[in-house]
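Secondary and tertiary structure notes
Each chain, written out:
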Amino acid sequence: MRELFDAELNLKDEPFSRAALEDTIGRAEVLVPTITDRIDADLLSKSGGQLKMIANFGAGVDHIDVEAAVGRGLIVTNTPGVLTEDTADLAMGLILAVSRRLVEGAGVVQKGEFSGWTPTWMCGRKLWGKRLGIVGMGRIGQALARRARAFGMQVHYHNRKPLSPMIVEDLQATWWDDLDAMLHRMDIISLNCPATRETHHLMDARRLALLAPHAILINTARGELIDEAALAEAVGRRALGGVGLDVFEQEPVVHPGLLNRAEVVLMPHLGSATLESRQDMGDRVIANIMTFQTGHRPPDRVIPAML
């Protein structure tokens, strides 16, 4: 980016403060935020007339007021697709970790408390034949479905509309138009949908109560999809079989009711945390900026109608 543009880089690998964002947006022609930068209408009002583009470093744009940005004539882009396989890997990893109690077992060994094999100790649940319900069958949901099929799982999904027959045949996936009905029947639920007004607290107390007592809930999408207080309450009374989270409602704060629970596996937002994905994200940002600067439509433009 330094070779191509007159770039000012945040080299501390720490989120900008609000004051730093206001200072930056007052000077920049192109802003490259991350998920930790809240780009709201108030901040955008401080941009003056020089800001032309917001090229987000990441696929999700729920931290950007896209409607306000577009209303000011700004181009907004993201980096879709490059996170797909890595995020699906992590979702599958959380399914394995919770089902087979991997983190709990590793902790026993690390603490020097492993005293030998016994027939009934630390038994988890097998994946073969289990019903996986995927909420949001986009790129990541489909990538997770392919992994789940390799583990012998039955794939079910809830989407606004069913997938094409070709994809359904490839994934051997069953569509449910009624989310509540699907939740009631699944052994494992994985949330893979974007954060929107409609999906905020998608898993609230009512929907959590629909899950079977042995069911496992996985979230590698956005923390706002789950009412974390309701989830902590359900975990506290052992109403779920297990939980695996990579994202949190008040990130980086985690509800205390989810901490230090053997049946809860918590990751520090590692979905895209591979060197390959982060490099690809940066390359995609540069491609969007270069395309815009040469007078063409950026390949990853985001508009309010898409959200």
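Residues numbered from 1 in each chain as written. Predicted model: local features only at pLDDT ≥ 70, side-chain atom pairs only at ≥ 80, totals over all residues. Heavy atoms only, no water.

**Considerations on the overall build of the protein**
As a reminder of what qualifies: In this text, helices come from DSSP runs of H or I with a minimum length of four residues, and strands from runs of E with a minimum of two, each type numbered from the N-terminal end. For the radius of gyration, the atom set is restricted to C-alpha positions; the globular benchmark scales as 2.2 Å times the number of residues to the power 0.38. Contacts between residues were defined by any pair of non-hydrogen atoms, one from each residue, lying within 4.5 Å. Residue exposure ignores everything except the shown protein chains as possible cover, and the areas themselves are Shrake-Rupley values with a 1.4 Å probe. His is not counted, nor are the chain ends; Lys and Arg add positive charge and Asp and Glu add negative charge. In this description, the location of a charge corresponds to atom NZ of lysine, CZ of arginine, CG of aspartate or CD of glutamate.
Along the protein, the regular secondary structure elements total 11 helices and 10 strands. Taken over the C-alpha trace, the protein has a radius of gyration of 21 Å; the compact-globule value for 307 residues is 19 Å, and the two agree within 12%. When contacts within the protein are restricted to residue pairs at least 6 apart in sequence, long-range pairs at least 24 apart make up 60% of them. On the protein, roughly 16,300 Å² of surface is accessible, and the fraction owed to carbon and sulfur atoms is 54%. Each charge sign in the protein was given a centre, from 33 positive and 39 negative side chains, and these centres are 5 Å apart.

**Looking at the sheet that holds strand β5 (residues 154-158)**
Which entries qualify depends on this criterion: Here, strands pair whenever DSSP counts at least two bridges between them. Axis geometry follows a simple rule: fit a line to the C-alpha atoms, using only the stretch in contact for helices, then measure angles between N-to-C directions, giving values from 0 to 180 degrees.
Pairing in this open sheet of seven strands is parallel, and the strands run β6-β5-β4-β7-β8-β9-β10 from one edge to the other. Taken across any chain shown, the strands that pair with only one partner, and hence form the sheet edges, are β6 (173-176) and β10 (264-266). Going across the sheet, the axis of each strand differs from the next one's by a mean of 15 degrees, ignoring polarity. The pairing of strand β4 (residues 131-135) with strand β7 (residues 188-191) spans four bridges and is classified as parallel. By the bridge assignment, Val 135 is partnered in β7 with Leu 191.

**Things to note about the UniProt feature "domain: D-isomer specific 2-hydroxyacid dehydrogenase catalytic" (unreviewed entry) in the protein**
Definition in use: UniProt positions are given in the numbering used here, feature names are shortened, and annotations may be inferred rather than shown by experiment.
In the numbering used here, UniProt assigns the feature "domain: D-isomer specific 2-hydroxyacid dehydrogenase catalytic" (unreviewed entry) to residues 3-302. Taken as a whole, residues 3-302 contains 34% helix and 12% strand, while its terminal C-alpha atoms sit 26 Å from one another.

**Here we look at the domain arrangement of the protein**
Quick reminder of the rule: For the purposes of this description, domain bounds are those given by an automatic or database domain assignment. Summed over both partners, the accessible area (1.4 Å probe) lost when two parts come together is defined as the buried area. Within this document, salt bridges are pairs made up of a side-chain nitrogen of Lys or Arg and a carboxyl oxygen of Asp or Glu, the two lying within 4 Å of each other.
By the assigned domains, the protein splits into domain 1 (18-78 + 274-306) and domain 2 (84-266). Using only C-alpha atoms to locate each centre, domain 1 and domain 2 end up separated by 31 Å. Each side of the interface is counted separately: domain 1 has six residues, and domain 2 has five residues. Summed over both sides, the interface between domain 1 and domain 2 buries roughly 440 Å², with carbon and sulfur atoms accounting for 31% of that surface. By the criterion of area lost to domain 2, the three top residues of domain 1 are Ile 35, Asp 62 and Thr 274, representing 65% of everything that side buries. Counting across the interface, domain 1 meets domain 2 through one salt bridge.

**Describing the packing of aromatic side chains**
Basically, it comes down to this: Centres within 6.5 Å are what make two rings of Phe, Tyr or Trp a pair, Trp counting through its six-membered ring; a difference in plane orientation under 30 degrees is then read as stacked, over 60 as edge-to-face, and the rest as tilted.
Tallied over the full model, the rule gives one aromatic pair. Centre to centre, the rings of Phe 114 and Trp 121 are 6.1 Å apart; their planes meet at 20 degrees, and the pair counts as stacked.

**Thoughts on the packing of helix α4 (residues 84-100) against helix α6 (residues 139-150)**
Filter applied, for reference: An angle counts as roughly parallel when it lies under 35 degrees, as roughly antiparallel when it exceeds 145, as roughly perpendicular when it falls between 65 and 115, and as oblique in every other case. Should the near helix be turned counterclockwise from the far one by less than a right angle, the crossing is left-handed, whereas a clockwise turn marks it as right-handed. For this classification, Asp, Glu, Lys and Arg are treated as charged, while Ala, Val, Leu, Ile, Met, Phe, Trp, Tyr, Cys and Pro are nonpolar and the rest, including Gly, are polar.
Where α4 contacts α6, the axes come no closer than 8 Å and their chain directions differ by 50 degrees. With respect to α6, the axis of α4 lies oblique. Note on packing geometry: the crossing formed by α4 with α6 is right-handed. Where α4 abuts α6, its residues Thr 84, Glu 85, Thr 87, Ala 88, Asp 89, Ala 91, Met 92 and Ile 95 lie against Arg 139, Ile 140, Ala 143, Leu 144, Arg 146, Arg 147 and Ala 148. Residue composition of the contact of α4 with α6, grouped by class: eight nonpolar, two polar and five charged.

**Description of the pairing of β7**
Keep this limit in mind: Three labels apply to residues, based on accessible area from a 1.4 Å probe with only protein chains included: buried if under 20% of the type maximum, exposed if over 50%, partly exposed otherwise in between.
Because side chains alternate across β7, one face comprises the buried residues Ile 188 and Ser 190, and the other comprises Ile 189 and Leu 191, equally buried. Note that β7 and strand β8 (residues 216-219) share four bridges and pair parallel. Bridged to Ile 188 within β8 is Ile 216.

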